[in-house]
Amino acid sequence: MSDTILETEGMTKEFRGFVAVSDVRLQVKRGTIHGLIGPNGAGKTTCFNLLTKFLPVTRGKISYEGRDITNLKPADIARLGLVRSFQISAVFPHLTVLENVRLALQRARGNSFDFWRPESLLKQYDSRAMELLEDVGLTGYARHNAGELPYGRKRALEIATTLALEPTMMLLDEPTAGMTHDDVDRIVTLVKRVAAGRTVLLVEHNLKVVEGLCDTITVLARGAVLAQGDYATVSRNPEVQAAYLGTDPGIAGSTQHG
Amino acid sequence: MAEGSIATASPGAPPATDEATFFGFTRPQAAAFLALVVIVLASPFVVYPFFLMKLLCFALFACAFNLLIGYVGLLSFGHAAYFGMGAYVSGYAAKAWGVTPEVAILLGAATGALLGIPFGWLAIRRTGIYFAMITLALAQMVYFFCVQAPFTGGEDGIQAIPRGHLFGIFDLSSDFAMYWVVAGVFLGGFLLIHRVVHSPFGQVLKAIRDNEPRAISLGYRTDDYKLMAFVLSAGLAGLAGAVKALAMRIATLTDVLWTMSGEVVLMSLVGGLGTIFGPVAGAAAIVTMQTYLAEFGAWVLVIQGVIFIAAVLAFRRGIVGEIGNLLRVKL
Ligand SMILES: Nc1ncnc2c1ncn2[C@@H]1O[C@H](COP(=O)(O)OP(=O)(O)OP(=O)(O)O)[C@@H](O)[C@H]1O
Ligand SMILES: [Mg+2]
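Now for a quick tour of the structure. (Residues numbered from 1 in each chain as written. Chains lettered and ligands numbered in written order. Predicted model: local features only at pLDDT ≥ 70, side-chain atom pairs only at ≥ 80, totals over all residues. Heavy atoms only, no water.)

Notes on the site of ligand 1
Residues and elements named next belong to chain A.
No. 1: Near ligand 1, the surroundings consist of 13 residues, among which Lys44, Thr45, Thr46, Gln87 and His205 are the closest.
No. 2: Here an oxygen atom of ligand 1 and a side-chain polar atom of Asn40 are 2.9 Å apart.
No. 3: Contact distances for ligand 1 include 2.8 Å between an oxygen atom and a side-chain N or O atom of His205.
No. 4: Among the elements that line the shell around ligand 1, the one with the most residues is helix α1 (residues 44–51), at three residues.
No. 5: Class assignment of the residues belonging to the shell around ligand 1 gives a composition of four nonpolar, seven polar and two charged. (Near = heavy atom within 4 Å. Polar contact = N/O pair within 3.5 Å; in protein donor to acceptor, adjacent residues only side chain to side chain. Helix = DSSP H or I, 4+ residues; strand = E, 2+ residues; numbered from the N terminus. Nonpolar A, V, L, I, M, F, W, Y, C, P; charged D, E, K, R; others polar.)

Following this line, the structure appears as structure tokens:
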């Protein structure tokens, strides 16, 4: 097994002439938590969309586990064990919390095309689903509709659903965005725990979170890679400081103190 | 925060459960279904079976259509193609080849499903109005094919279709005998659709309707599921058309005309989209209206139009949707 699990070369995305992601070279080491940070509009979410094939690249090559995945379909990327979350929380609002998790288990274990069999067949996944819900502290919500959950718990449900697929690598897009302080702490602990034995690529604005979690950090600005390295190296980089200063002095401040 | 689990605050009372009682029906649905069965069994002793057969065929057609709009969120404006081709093929097979009615009906249903494969494949790549336009355009092609093809009998259609003997044994020439076949197919089709909605497959459909990108990110090839739903819906529409051809003993261009596609939209809307019983109620309302207002001639269309507008403006949930809302149950 190679040391690098995900690698891009010259990854570029243009939207009608506007370059959102420019010649990005990314190397994510197996078993690490890799941070992808940058000011608003830097192209982080677009990178996720490219890596998971939700958008086609304009140029460049993406390989995962030594295999060229540049031209695969998004569902097939997920089947390779590379599973993403979304910046805006993504649950199935009209399904119950339990059904949300079961849906992932059902995909991984089969019988999703059985239109002639009863729904009760899915009860076989209940015990595993409840384990996963317990892991993220959602046991008491199992029978609630996912749409009724408070925001922080929706994100926890997303992580439980993603974990149900037992992914090799998880891409998390701002898992703590819009959360209260307590919720942030919980998610950080959760991410740390689920990252054991997996690789995580994490987009995050909260630099405290990044500092606490990430082994390596890539900084994007205007679609291009500005710096790469561990937190100390990156935060000392004057270009990075300038990029953050230009948009959000609050973040720049915390960068300097990091 | 030992073990790093998210602290469990009290989630509040769990919501009212609608646990399934039998065959995936909730209690109110089971009660409504029993009532439906009783009505279907008793009504031919009170009402003309010929009229009831028409009603049940359209009810099944509307249920098939609703599978797509109500549970996948795709509005087909070309379901007449599957209904009409089902009618032509079963009528032709019964008349020209003299096959038994069950074979004719199966051929009609298969025609709908087979036609649904390429049409569905083309249409599901789009959503919303584009999906509706593509289905309409494809259905128009089928219509022109039917106008030209010799086997459809052109303007005359296929008339005096023999109903034959079920399994070669039971004579279906009386309306009363044929009614039980129609009733059986209707109830069977209705239960099948209910099962599809409440199956592992149906669960994925709900997820896709709720949040397609998330379903994809979990590894679901969502187009495959949509296509499967499309083919099932087209096959059931073909089934409804096939039975209709034998019951009414006629298959004509009206069955494949775009107005037929519109009528089934109307039935589902009036009855209540995404409810299991809605399309049945909607079909009953529209067919009854057409039959008893027939003497008003062209005014039927106007009256239908008014009802349609009223339904859209005042009863957005449709007949069954509004009743369910009043009783606070899902029907
Ligand atoms: N589908 C699209 N069409 C056109 N432009 C797009 C599209 N998606 C993103 N962009 C543009 O690409 C740039 C990068 O957007 P992206 O969402 O990747 O940023 P981001 O780094 O995730 O920002 P944020 O921190 O706000 O989430 C933005 O200027 C955005 O407007
Ligand atoms: Mg983003």
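Anyway, onward from the coordinates.
Side note on the coordination of the magnesium ion (ligand 2)
Residues and elements named next belong to chain A.
No. 1: Distances from the magnesium ion (ligand 2) to its protein donors, namely Thr45 (OG1) and Gln87 (OE1), fall within the range 1.9 to 2.2 Å. Of this pair, Thr45 sits in helix α1 while Gln87 sits in the loop between β6 (82–84) and α3 (97–109), and the two are 42 residues apart along the sequence.
No. 2: The exposure class assigned to Thr45 is partly exposed, which follows from its relative accessible area of 26%. (Donors = N, O, S within 2.8 Å, 3.2 Å for Na, K, Ca; no water. Buried < 20%, exposed > 50% of the residue type's maximum accessible area, 1.4 Å probe, protein only.)

Regarding the state of the cysteines
No. 1: With the rule as written, the count across this model stands at zero disulfides over all chains.
No. 2: Left without a disulfide partner, Cys47 of chain A is nearest to the cysteine sulfur of Cys214 of chain A, which lies 15 Å away.
No. 3: Residue Cys47 of chain A is classed as buried on the basis of its relative accessible area, which comes to 1%.
No. 4: Here Cys146 of chain B is not disulfide-linked; the sulfur of Cys57 of chain B is the nearest cysteine sulfur, at 18 Å. (Disulfide = S-S within 2.5 Å.)

Things to note about the packing of helix α5 (residues 151–164) of chain A against helix α6 (residues 181–194) of chain A
Angle between the axes and distance between the axes are the two parameters that describe a pair of packed helices.
Residues and elements named next belong to chain A.
No. 1: Between α5 and α6, the least distance of the axes is 10 Å, while the angle of their chain directions is 10 degrees. Classified by the angle their axes make, α5 and α6 are roughly parallel. Contacts between α5 and α6 involve Gly152, Arg155, Ala156, Ile159 and Leu163 from the former and Asp183, Ile187, Leu190, Val191 and Val194 from the latter.
No. 2: For the contact of α5 with α6, the class distribution of residues is seven nonpolar, one polar and two charged. (Axes fitted to C-alpha atoms, helices over the stretch in contact; angles between N-to-C directions. Parallel < 35°, antiparallel > 145°, perpendicular 65-115°, else oblique. Contact = heavy atoms within 4.5 Å.)

So, the interface of chain A and chain B
No. 1: Contacts between the two partners involve 50 residues from chain A, matched on the other side by 41 residues from chain B.
No. 2: Both faces combined, the contact of chain A with chain B buries some 4000 Å², and carbon together with sulfur accounts for 62% of it.
No. 3: For Lys206 of chain B, the salt bridge goes to Glu119 of chain A, with nearest N and O atoms at 3.4 Å.
No. 4: For the side of chain A that touches chain B, the elements supplying multiple residues, two or more each, are α2 (74–79), β6, α3, α4 (126–135), α5 and α6 of chain A.
No. 5: A class-by-class count of the residues in the side of chain A that touches chain B yields 24 nonpolar, 11 polar and 15 charged. (Buried area = accessible area lost by both parts, 1.4 Å probe. Salt bridge = Lys/Arg side-chain N within 4 Å of Asp/Glu carboxyl O.)

Some thoughts on the sheet that holds strand β7 (residues 169–173) of chain A
What holds strands together in a sheet is hydrogen bonding between their backbones, with the strands either parallel or antiparallel.
Residues and elements named next belong to chain A.
No. 1: Across the sheet, which stays open at both edges, the six strands sit in the order β6-β7-β8-β3-β9-β10 with mixed pairing between neighbours. The two strands at the open ends of the sheet, each matched to only one other strand, are β6 and β10 (224–229). The sheet shows a mean angle of 15 degrees between the axes of neighbouring strands, direction not considered.
No. 2: With four bridges joining them, strand β3 (residues 33–37) and strand β8 (residues 199–203) adopt parallel strand pairing. By the bridge assignment, His34 is partnered in β8 with Leu201. (Pairing = 2+ DSSP bridges.)

Some thoughts on the pairing of strand β9 (residues 216–221) of chain A
Residues and elements named next belong to chain A.
No. 1: For β9, the buried fraction is high: five of the six residues fall into the buried class.
No. 2: As paired elements, β3 and β9 share four bridges and run parallel to each other. Note that in β9 the partner of Gly35 across the bridge is Ile217.
No. 3: Relative to β10, β9 runs antiparallel, the two being bridged by five bridges. When the bridges of β10 are listed, Thr218 appears paired with Gln228.
No. 4: What sits between the antiparallel neighbours β9 and β10 is a turn of two residues, in which Arg222 has the positive phi angle 50 degrees.

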